[in-house]
Amino acid sequence: MAVTLTKTAGNRAEITWEPQADDPRGYLARSVESDQLAFALESLGASEAGHTEPATEEYAVAMATATAELGRLLERRAAVQVVRLRDHYGLSWRRIATALYDDANKQSSVRRLYDSGRRHIGI
């Protein structure tokens, strides 16, 4: 894995990557520099009951916006990865559905991701 996440101590971690090789479009850098990744990780760690409520409405909106934006970006990247799994590695729809959803019957969901991924890469 080119991007590395190293647990440094206790509840700390360090993310490293090579900008040219691992982040040619700058997505990683922007998500870190804009606090998008921090907001999304904070959201990921929050309880469903919301006991870690943000301090202000603006903070809550920023957190939700950053999480949604990163989610959309990751969804697009997952779609492109499905294209690669199918076209480059020749995996079956069932195999991809099992890998992504732990359900071989979710082939139609995989095909929708595949179609979306092809649109994103211009095929």
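In this text, all values refer to a predicted model and were calculated from it rather than measured experimentally. Within any chain, residue numbers begin from 1 and follow the written order of that chain's sequence. The model is predicted, so local features are restricted to residues of pLDDT at least 70 and side-chain atom pairs to those at 80 or more, both for listing and for counting; the totals for chains, interfaces and linings are taken over all residues. Hydrogen atoms and water are omitted, and side-chain values are computed over all heavy atoms in the structure.

(A) Structural detail: the overall build of the protein chain. Each helix and strand in the protein chain was counted, giving six helices and two strands. Each helix and strand of the protein chain, placed in order from N terminus to C terminus, yields the pattern β-β-α-α-α-α-α-α. In terms of overall size, the protein chain is more extended than a compact globule, its C-alpha atoms giving a radius of gyration of 17 Å where 123 residues would be expected to give roughly 14 Å. Based on the C-alpha atoms only, the size of the protein chain along its principal axes is roughly 45 × 35 × 30 Å. Looking at the protein chain as a whole, 21% of its 123 residues are labelled buried. In the protein chain, the proportion of contacts linking residues at least 24 apart, taken out of those at least 6 apart, comes to 35%. Split by element, the accessible area of the protein chain, about 9,000 Å² in all, is 52% carbon and sulfur. We count a stretch as a helix when DSSP gives it H or I for four or more residues in a row; a strand needs E for two or more, and each element gets its number in order from the N terminus. For the radius of gyration, the atoms used are the C-alpha atoms, and the globule rule reads 2.2 Å times the number of residues raised to 0.38. The buried label goes to any residue with under 20% of its type's maximum accessible area, the exposed label to any with over 50%, and the partly exposed label to all in between, with areas taken from a 1.4 Å probe on protein chains only. Only heavy atoms matter for contacts: two residues are in contact if any of them lie within 4.5 Å across the pair. Reported accessibility uses the Shrake-Rupley method at a 1.4 Å probe radius. Residues are deemed covered only where the shown protein chains occlude them.

(B) Representation of the packing of aromatic side chains within the structure. Only the six-membered ring of Trp is used, alongside the rings of Phe and Tyr, when aromatic pairs are assigned; centres must lie within 6.5 Å, and planes under 30 degrees apart are stacked while those over 60 apart are edge-to-face, with the rest tilted. Within the structure shown, the criterion is met by two aromatic pairs. A centroid spacing of 5.3 Å and a plane angle of 70° characterise the contact between F39 and Y59, whose relative ring orientation is edge-to-face. With F39 in helix 3 (residues 36-45) and Y59 in helix 4 (residues 57-88), the pair connects residues that are 20 residues apart, well separated along the chain. For F39, a relative accessible area of 15% puts it in the buried group. Considering the side-chain rings of W93 and Y114, the 5.1 Å spacing of their centres and the 85° angle between planes classify their relative orientation as edge-to-face. Placement of the pair is W93 in helix 5 (residues 93-101) and Y114 in helix 6 (residues 107-121), with a sequence separation of 21 residues. Residue W93 is classed as buried on the basis of its relative accessible area, which comes to 14%. Either the NZ atom of lysine or the CZ atom of arginine qualifies as a charge over a ring when it sits within 6 Å of the ring centre and within 35 degrees of the ring normal. Sitting over the ring of W93, R86 keeps its end group 4.0 Å from the ring centre.

(C) Spatial organisation of the packing of helix 4 against helix 5. It is the contact of helix 4 with helix 5, at a shortest axis distance of 10 Å, that shows an interaxial angle of 145°. Here the hand of the crossing between helix 4 and helix 5 comes out right-handed. The residues of helix 5 that touch helix 4, namely those facing V82, L85 and R86, are W93, I96 and L100. Residue classes follow a fixed rule: Ala, Val, Leu, Ile, Met, Phe, Trp, Tyr, Cys and Pro count as nonpolar, while Asp, Glu, Lys and Arg count as charged, and any other residue, Gly among them, counts as polar. Split by residue class, the contact of helix 4 with helix 5 holds five nonpolar, no polar and one charged. Whenever a helix is involved, its axis is fitted only over the stretch in contact; in every case the axis is a line through C-alpha atoms, and angles between N-to-C directions fall within 0 to 180 degrees. By definition, any crossing whose near helix is turned counterclockwise from its far helix by less than a right angle is left-handed, and any crossing with a clockwise turn is right-handed.

(D) Here's a closer look at the pattern of salt bridges. In what follows, salt bridge is the name for a side-chain nitrogen of Lys or Arg lying within 4 Å of a carboxyl oxygen of Asp or Glu. One pass over the full model with this rule turns up one salt bridge. For R118, the salt bridge is made with D87, and the minimal N-O distance between the two is 3.6 Å. Within this pair, whereas R118 is found in helix 6, its partner D87 is found in helix 4, the two being separated by 31 residues in sequence. For R118, a relative accessible area of 25% corresponds to the partly exposed category.

(E) Main features of the confidence of the model for the protein chain. On average, the protein chain scores 90 in pLDDT, and the residues at 70 or more come to 93%. Across the protein chain, the secondary-structure element scoring lowest on mean pLDDT is helix 1 (residues 19-22), at 85, and the one scoring highest is helix 5, at 97. The predictor's confidence in any single residue is recorded as pLDDT, a number from 0 to 100.

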